[in-house]
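Observations on the model geometry
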Amino acid sequence: MTDAPIRLAVWSGPRNISTALMRSWGNRADTMVYDEPFYAHYLQQTGVDHPGADEVIAHHNTDWREVIESLLAPLPDGKRIYYQKHMNKHMLSHIDMQWTQQMTNCFLIREPKEMITSFIKVVPKATIDAFGLMEQVEMFRRLKAQTGQTPIVVDSKDILQNPRKALGQWCEAIGVEFDEAMLSWEPGLRETDGVWAKHWYGNVMNSTGFAPYIPKNEDVPESLASLRQQCNELYDELYLYRIH
């Protein structure tokens with residue numbers, strides 16, 4: 001195991017367990033977390049109508065260059081892991097992505113059927129662009145080619161089925177000891193949560209650990225069959241590399 005600082009950039013699409021994982025890692029005494037660093041810039045630039053968008057833009061840094069500086073800044077005393085919760089769709093085309101080569105990049109994936117049926121309850125007319133999966137796969141390919149190493153891939157189902165085992169394997173892959181504190185946490189908001197938490201984090205706010213995995217019996221509507229096929233192809237490419 002290494003004592004060198006680890007900057008963990010975790011890339012996810014929507015309707016995944018990314019916030020629960022931020023709770024899990026943030027519960028370690030040696031870890032600091034950053035909640036969606038580029039979200040305010042994304043909202044400012046795109047004008048997407050998200051709940052509380054004006055408040056997010058007002059309270060969080062909208063300068064992507066300054067955000068990158070904060071991601072590369074020295075860690076405070078006592079901290080050696082910098083867990084960064086990212087969404088691929090926040091990375092707009094004008095953002096310089098060279099900083100990602102200084103990160104331990106991890107990709108969080110979820111089976112498309114479960115992701116889509118969850119997402120369309122909020123956004124009925126879903127398109128492939130809403131999930132950021134194409135950007136996720138493109139980043140995976142690029143980092144793999146640039147570094148000559150395969151980035152870490154974690155499937156949310158594996159974590160929910162056996163949190164201790166899956167998180168232990170993840171910790172081993174990045175060179176840190178597993179910490180039992182990652183399995184449970186106190187309910188409620190955190191100072192490290194973005195101001196958008198009150199709109200999006202209801203389930204996690206009430207949680208004290210990972211919910212057991214329960215298969216979803218809902219089907220993707222026939223009208224979205226093409227979308228599911230697109231998502232399946234992207235998911236399958238990353239699934240081949242998952243930690244298991």
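Data block above holds the structure.
Throughout what follows, the structure given in this document is the object of discussion. Quick caveat, the model's predicted, so the values are computed rather than measured.

**A few points about the packing of aromatic side chains**
What the rule picks out here adds up to eleven aromatic pairs. When the ring of Trp11 is compared with that of Trp99, the centres are 5.9 Å apart and the planes differ by 45 degrees; the resulting orientation is tilted. Of this pair, Trp11 sits in strand E1 (residues 6-12) while Trp99 sits in the loop between strand E3 (81-87) and strand E4 (104-109), and the two are 88 residues apart along the sequence. The burial state of Trp11 is the same as that of Trp99; both residues are buried. Between the aromatic rings of Phe119 and Phe131, the centroid separation amounts to 4.8 Å while the plane-to-plane angle is 55 degrees, which identifies the pairing as tilted. Of this pair, Phe119 sits in helix H5 (residues 112-119) while Phe131 sits in the loop between H5 and helix H6 (133-147), placing them twelve residues apart in sequence. Exposure class is identical for Phe119 and Phe131. Each is buried. Three or more aromatic residues joined by ring pairs form one cluster here, namely Trp11, Phe38 and Trp99.

**Let's talk about the sheet that holds E1**
Spatially, the five strands line up as an open sheet ordered E2-E3-E1-E4-E5, and their pairing is parallel. In this open sheet, the two strands that pair with only one neighbour each are strand E2 (31-35) and strand E5 (152-155). Across this sheet, the average inter-strand angle for adjacent strands is 25 degrees, counted without regard to direction. With five bridges connecting them, E2 and E3 associate as parallel partners. The residue bridging Thr31 from the neighbouring strand is Ile81, located in E3.

**Some points on helix H8 (residues 163-174)**
Between the first and last C-alpha of H8 there are 17 Å, a value that for twelve residues agrees with the 16 Å anticipated at 1.5 Å per step. Tucked inside the fold, the buried residues of H8 contact E1, helix H1 (18-26), E3, E4, E5 and helix H7 (156-161). Following H8 by one or two positions, Gly175 adopts a phi angle in the positive range, close to 85 degrees.

Thresholds applied
- Along each chain, residues carry numbers from 1 onward, in the same order as the chain's sequence is written.
- At least 70 in pLDDT is required for a residue's local features to be given in this predicted model, at least 80 for side-chain atom pairs to be given and counted, and no such filter applies to totals for whole chains, interfaces and linings, which use all residues.
- The basis for every side-chain value is the complete set of non-hydrogen atoms in the structure, without hydrogens or water.
- What counts as a ring pair is set by centres within 6.5 Å for rings of Phe, Tyr and Trp (its six-membered ring), and what kind of pair is set by the plane angle: stacked under 30 degrees, edge-to-face over 60, tilted for all other angles.
- For the purposes of this entry, the term helix denotes a DSSP run of H or I that reaches at least four residues, the term strand denotes a run of E that reaches at least two, and both are numbered from the N terminus.
- The rule is simple: take the accessible area with a 1.4 Å probe, protein chains only, and divide by the maximum for that residue type; under 20% is buried, over 50% is exposed, in between is partly exposed.
- Pairing between strands is defined by DSSP: at least two bridges between them are needed.
- For helices, the axis comes from a line fit to the C-alpha atoms of the stretch in contact; other axes are also lines fit to C-alpha atoms, and the angle between any two N-to-C directions lies between 0 and 180 degrees.
- Helices are assigned an expected span. That span is 1.5 Å times one less than the residue count.
- Any two residues whose heavy atoms approach within 4.5 Å at even a single point are treated as in contact.

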